[in-house]
Amino acid sequence: MSSLQARVLYWFRTDLRLHDSPALHAALGLNPEVFYPIWTWDPQYVFAHRVGVNRLSFLLEGMQDLSLSLTACNPKTKLHVVRGPPQTVVPALCKAWNITHLVYEKDTAGYAAVRDAEVKASVTKAGVQVVDVLGHSLYDPQAIVDQNKGNPTMSISSWITASNKLPAPSRPLLPPPSLPPPGNTTLIPFSRKDHPVANGVDVNEDDRETVVTCYDTLAGRDGDFSIPTLEELGLPPATTSIRGGETEALKRLEAYCADKAQVARFAKPKTSPAEFDPPATTQLSPYLKFGCLGSREFLWRVRDTISQWIMDQNGNKNDDTTKHPENLEGQLLFREMYFAAECAVGLPFGQIRGNAICRFIDWRLQNQYDASGHRIHPRPLGDAEDEERFSAWQDGRTGFPWIDAIMRQLRQEGWIHHLARHSVACFLTRGQCYISWERGAEVFDKWLIDWDPCANAGNWMWLSCSAFFSMYYRVYGVKSFPEKFDKTGKLVRKFCPELAKFPDKFIYTPHLAPVDVQEKAGCIIGRDYPFPMLDKKVEKERCIQRVKAAYALGLYGNDAAVLNGSAVAKLKNADSPNATNREASEGGANHHRRKRQECHSKDGLPTKRTRADGTIKKYLVQK
Ligand SMILES: Cc1cc2nc3c(=O)[nH]c(=O)nc-3n(C[C@H](O)[C@H](O)[C@H](O)COP(=O)(O)OP(=O)(O)OC[C@H]3O[C@@H](n4cnc5c(N)ncnc54)[C@H](O)[C@@H]3O)c2cc1C
């Protein structure tokens, strides 16, 4: 490179912020003459990755907020969005703008790690220096794995032991007061054919109302590197009330920490999954996910708030604080634990096949692979009853109000409380439906605003007792669990409005309400809201026996029997001593089906109901 002074291309990704950014600090430390803040609008994310409108909207708002903050630091700059694959766009920009240094925040997980390796190799070959700096996590996941003898961290205590040997997280860096300007931004001789947008599968096709136009140009319709819009993605407006951006993240952190007692006494298992306005936890996960909030900013703000609580302005001492893992700092440690676990396992972390830490359990509707081990997409349909149970779970029409309310909240808001995630994940997998955690993780992937490849797959493995946690006989009740937090059914009344007028007594079990109660509530079970789709007691027992058999066999995702497809047959053999249990539970399930049919005509609508006085009333169904 002829230029003496550095010319920096700063590639923003999941670090949509100016505060607490070690990578940005490193870039500015090069004292560059020009500084180009860019974003590559990757077609992989738009077409090949499941992502719903709420997460995209949150991301676009985060980009807009960042762009405004960049302009506030230098009126000549903003976020420059180039629409194409980073693997071709970044090397081309380096060449066109005579870049000496490519700087970005390191990402160690999933597709991002593979993408970055490709980009890094390509620009390094062209003589550009790459500066990739850690910042998304408190610790370097690879360093944790190294300290853990190359193994994934499978518990908070193993993670703490490994992290104790590493430097503690520093205080957050301040945002820069000013920024150097970008240089010439011409894109000549860029052309779309050099930055192809594959015309293959669009996994988000069902969400689109119109065609995708965001790739018609490389730098936006007016050639001004504009941030794409939902309309250009062919999508309708978002439904979430959660707004994106660094400004909003800092405002929320400030507001949460204003209540010092709330921060100091935070005990995750005691926070209520039934609260939503405001929620009982910080709801900062989407901001941490997209880097609108730095993890050191979060950590130190919490620590400082607790210090102020322990010794207040008047010198009064308070020792009423909680400890990790249940306190707020402990929550960040779970995040770190999953980063390090994923880092050790690699891409198979998101699936069963090839995943060294994931127990093999013969879940229904697992991913399917061809003879050469490639995943079959779309997955061939499974057993009709399993498919129907999965769809009902996803759509929030299982007939279990607690489960349905959570799934509807997830779809509408893109965020649900941790224990709500526990409830629906347990229900789908080992609790009731015996459906693969891979299916549930895929739905979360699409609908969660805070979706993260490490936290999502890691927590799904935890909840399904496939890894991290093994007490498969402890199953969340669909009535008893929510009742511990809220006997009035607030969440159900909000997200299943058809049940809003049921008395508290029946809010989690409306199918048990006598017919006159249903009539008074304006909601007939089986017509206006579904009858429970399964017998929870029978299915729970059945799931426990099946998981027990899988544990006894002791296979993991990377065992030969799983890779060559013989594991299911092995499990059937191992399971045979439990045949009597299975037959007994089949009997129970059939009894439930009969009960359900008794209350329904052929088209699934109700035919008769029990009155409060115990007499039966024939119910004439109006279609
Ligand atoms: C099945 C399932 C799937 C999940 N998928 C995701 C996901 O894709 N992305 C995600 O960020 N979290 C995921 N979680 C973890 C957790 O539910 C959310 O991080 C948390 O509910 C976010 O709400 P909050 O910001 O109010 O959390 P708080 O309780 O306020 O915690 C503060 C921060 O700590 C982190 N954190 C807390 N708990 C966990 C945890 N168990 N694992 C990892 N990080 C944690 C989050 O970044 C969170 O913002 C999942 C949990 C389950 C059970």
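Residues numbered from 1 in each chain as written. Predicted model: local features only at pLDDT ≥ 70, side-chain atom pairs only at ≥ 80, totals over all residues. Heavy atoms only, no water.

## Structural notes on unusual backbone geometry
Then step 1. Cis geometry is adopted by the peptide bond preceding P278, which originates at D277 and carries an omega value of 5°.
Then step 2. Locating P278 in the fold gives a position in the loop between α9 (260-264) and α10 (285-289).
Then step 3. In the segment running from H324 into P325, the intervening peptide bond is cis, with an omega of 15°.
Then step 4. One non-glycine residue, N31, lies in positive phi territory at about 50°.
Then step 5. Note on placement: N31 falls in the loop between α1 (22-29) and β2 (34-40).
Then step 6. Looking at N31, the relative accessible area reads 54%, which means it is exposed. (Helix = DSSP H or I, 4+ residues; strand = E, 2+ residues; numbered from the N terminus. Buried < 20%, exposed > 50% of the residue type's maximum accessible area, 1.4 Å probe, protein only.)

## Considerations on the packing of helix α4 (residues 86-96) against helix α5 (residues 110-125)
Then step 1. Axis separation between α4 and α5 bottoms out at 9 Å; the angle between their running directions is 35°. Like other packed secondary-structure pairs, α4 and α5 cross with a definite hand, here right-handed. Seen from α4, the contacting residues are P86, Q87, V90, P91 and C94; seen from α5, they are Y111, R115, E118, V119, S122 and V123. (Axes fitted to C-alpha atoms, helices over the stretch in contact; angles between N-to-C directions. Left-handed = near helix turned anticlockwise from the far one by under 90°. Contact = heavy atoms within 4.5 Å.)

## Here we look at the sheet that holds strand β1 (residues 7-11)
Then step 1. The five strands are arranged β3-β2-β1-β4-β5 in an open sheet whose pairing can be described as parallel. Unpaired on one side and paired on the other, β3 (80-82) and β5 (129-133) mark the two borders of the sheet. Between one strand axis and the next, the sheet turns by 30° as a mean value, whatever way the strands run.
Then step 2. Here four bridges tie β1 to strand β4 (residues 101-105), and the two strands are oriented parallel to one another. Bridge pairing links L9 to L102 in β4. (Pairing = 2+ DSSP bridges.)

## Brief notes about the side chain of T77
Then step 1. Following the sequence through the fold, T77 ends up in the loop between α3 (53-73) and β3.
Then step 2. When its relative accessible area of 2% is taken as the criterion, T77 is described as buried.
Then step 3. Contacts of T77, omitting those with residues within four sequence positions, involve F35, P37, L70, T71, L179 and P182.

## With respect to the pattern of salt bridges
Then step 1. What the rule picks out here adds up to 35 salt bridges.
Then step 2. Across the pair R115 and D116 runs a salt bridge whose closest N-O atoms are separated by 2.9 Å. Across the pair, exposure class does not vary: R115 and D116 are buried alike.
Then step 3. Across the pair E248 and R252 runs a salt bridge whose closest N-O atoms are separated by 3.1 Å. Of this pair, E248 and R252 both sit in helix α8 (residues 246-258), four residues apart, which is roughly one turn of that helix.
Then step 4. Accessibility expressed as a relative area gives 18% for E248, which makes it buried.
Then step 5. Shared partners join several salt bridges into a network, and the residues in it are R50, R375, R439 and E442. (Salt bridge = Lys/Arg side-chain N within 4 Å of Asp/Glu carboxyl O.)

## Looking at the site of the ligand
Then step 1. Around the ligand, 30 residues are found, and the nearest of them are K268, T281, T282, Q283 and H418.
Then step 2. Here an oxygen atom of the ligand sits 2.6 Å away from a polar atom, N or O, in the side chain of T282.
Then step 3. Contact between the ligand and W415: an oxygen atom at 3.2 Å from a side-chain N or O atom of the residue.
Then step 4. Mapped onto the shell around the ligand, the elements with two or more residues apiece are α10, α12 (328-345), α15 (418-431) and α17 (453-463).
Then step 5. The element that contributes the greatest number of residues to the shell around the ligand is α12, accounting for six residues.
Then step 6. Taken together, the residues of the shell around the ligand sort by class into 16 nonpolar, nine polar and five charged.
Then step 7. A domain split of the shell around the ligand shows at least three residues from each of domain 2 (246-345) and domain 3 (384-596 + 603-616). (Near = heavy atom within 4 Å. Polar contact = N/O pair within 3.5 Å; in protein donor to acceptor, adjacent residues only side chain to side chain. Nonpolar A, V, L, I, M, F, W, Y, C, P; charged D, E, K, R; others polar. Domains from an automatic or database assignment.)

## Re the confidence of the model for the chain
Any residue range with low pLDDT should be treated as having predicted coordinates unsuitable for detailed reading.
Then step 1. In this model, the chain carries a mean pLDDT of 92, and residues with pLDDT of at least 70 account for 91%.
Then step 2. Overall, residues 576-584 carries pLDDT values under 50, and its contacts beyond four positions in sequence, including any with other chains, amount to four contacts.
Then step 3. Across residues 600-623, confidence stays below pLDDT 50; counting only partners more than four residues off in sequence or on other chains, it has 58 contacts. (pLDDT = per-residue confidence, 0-100.)

## Things to note about the environment of A280
Then step 1. By secondary structure assignment, the location of A280 is in the loop between α9 and α10.
Then step 2. When the C-alpha positions of A280 and T77 are compared, they lie 39 Å apart, and in sequence the two are 203 residues distant.
Then step 3. Once residues lying within four places of it in the same chain are set aside, the contact partners of A280 are Y256, F266, T271, S272, E275 and H417.

## Quick word on the domain arrangement of the chain
Then step 1. Partitioning the chain into structural domains gives domain 1 (1-136), domain 2 (246-345) and domain 3 (384-596 + 603-616).
Then step 2. Every contact between the two is made by eight residues of domain 1 and, on the other side, 13 residues of domain 3.
Then step 3. Around 870 Å² of area is buried between domain 1 and domain 3 when both sides are counted, 57% of it from carbon and sulfur atoms.
Then step 4. Contact with domain 3 buries area across many residues of domain 1, yet R50, N54 and R55 alone supply 60% of it, more than any other trio.
Then step 5. If you look at where domain 1 meets domain 3, you find two salt bridges.
Then step 6. Between R55 and D445 there is a salt bridge whose closest N-O contact spans 3.3 Å.
Then step 7. If you look at where domain 1 meets domain 3, you find six residue pairs in polar contact (both at pLDDT 80 or more). (Buried area = accessible area lost by both parts, 1.4 Å probe.)

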